[in-house]
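# Residue-level structural notes
Take a look at the letters that make up each chain.
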Amino acid sequence: MFTLLGVLAGLSGSRAAHAADTTTIVQTALEAATTIPNARVSVVALERGATNCTMGIDPRAEVPRAVDGSGRFAVKLIGTRSGSECQAWIWARVRVFAQVSVATRAIRAGDPFAGATETVEREIKAGRTPAASVDGAVADRPLGPGQMIEADVVRVPGLRSGETVKVLLVAGGMSIEQMGRAVPCARNHNCAVLPSGRHVDGTLVDGRLLVEMP
């Protein structure tokens, strides 16, 4: 295993003078492949596999899969040698950090996040996507103090299954209001069943379910 500068130190002659540029290229490629908004990627080390390829003067780097958190990622270095393209694969071990929302106290399922979170920098583990925003949202499951708020914990406040709701059906310039009963549906959607048995999906506005009819 080599540090990033250790790998590049093996370049000879004029190639060694471009080590800093190559470091920047690798770093930029990893950051471009990150799926976490405004993430900071820290390269911990590189592992160089067996290769007969020596990188050219102006290499570039590609990361074939998304960087979704800290971990080990393959990086393809591409350069030129004797006028021909040359490729070499290395493994990058990285840590990913981002500003995320965390709970400042215990939050129960259904509780709003308002007044119960703060923004701090945390390391992001692969498979644990932080919520992009918690504004106006509620918790889908309980959270403990200091716990990062992940995307799958956040939901839009809506109807509870079985409760009665006014349904406003809008079609063109006409509208009809009926009473309906809330029923379960897709995440962050609000659905109801009408007296006729028809299921509708709409937007909750001022306590009424607004349904745009085709």
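I will try to describe carefully the structure that is included in this document. (Residues numbered from 1 in each chain as written. Predicted model: local features only at pLDDT ≥ 70, side-chain atom pairs only at ≥ 80, totals over all residues. Heavy atoms only, no water.)

## Focus: the overall build of the protein chain
- Helix and strand counts for the protein chain come out as two helices and twelve strands.
- Scanning the protein chain from its N terminus toward the C terminus, one meets helices and strands in the order α-α-β-β-β-β-β-β-β-β-β-β-β-β.
- The contacts in the protein chain between residues at least 6 apart in sequence include a share of 52% that link residues at least 24 apart.
- Of the roughly 12,000 Å² of accessible surface on the protein chain, 51% is carried by carbon and sulfur atoms. (Helix = DSSP H or I, 4+ residues; strand = E, 2+ residues; numbered from the N terminus. Contact = heavy atoms within 4.5 Å. Areas by Shrake-Rupley, 256 points an atom, 1.4 Å probe, with all protein chains shown as cover.)

## Describing the side chain of Ser101
- With respect to the helices, strands and loops of the structure, Ser101 is situated in strand 4 (residues 84-103).
- What Ser101 contacts, discounting residues up to four positions off in sequence, is Glu118, Thr119, Val134, Gln147, Met148 and Ile149.

## Remarks on the pattern of salt bridges
- Evaluation of the coordinates by the stated rule reveals ten salt bridges.
- Linking Arg208 and Glu177 is a salt bridge whose minimum nitrogen-to-oxygen distance equals 2.7 Å. One end of the pair, Arg208, is in strand 12 (residues 208-212); the other, Glu177, is in strand 9 (residues 174-183), with 31 residues separating them in the sequence.
- Residue Glu177 is classed as partly exposed on the basis of its relative accessible area of 40%.
- In this structure, a network of salt bridges that share partners links the residues Arg95, Glu123 and Lys125. (Salt bridge = Lys/Arg side-chain N within 4 Å of Asp/Glu carboxyl O. Buried < 20%, exposed > 50% of the residue type's maximum accessible area, 1.4 Å probe, protein only.)

## Examining the nonpolar core
- The biggest cluster of nonpolar side chains holds 23 residues, and the ones touching the most others in it are Leu30, Val63, Val67, Val75, Val94 and Ile124.
- When residues of this core are traced back to their parent elements, those giving at least two are helix 2 (19-32), strand 1 (40-48), strand 3 (71-81) and strand 4.
- When residues in this core are grouped by element, the largest group, seven residues, is from strand 4.
- In this structure Leu30 touches Val41, Val43, Val63, Val67, Val75, Ala92 and Val94, once residues within four positions along its chain are discounted. (Core = buried A, V, L, I, M, F, W, Y, C linked by side-chain atoms within 4.5 Å.)

## Observations concerning the state of the cysteines
- Tallied over the entire structure, the rule returns one disulfide.
- Across the disulfide, Cys185 is cross-linked to Cys191 (sulfur-sulfur distance 2.4 Å). On the sign convention where negative means left-handed, the S-S torsion of about 95 degrees between Cys185 and Cys191 marks this disulfide as right-handed.
- When its relative accessible area of 34% is taken as the criterion, Cys185 is described as partly exposed. (Disulfide = S-S within 2.5 Å.)

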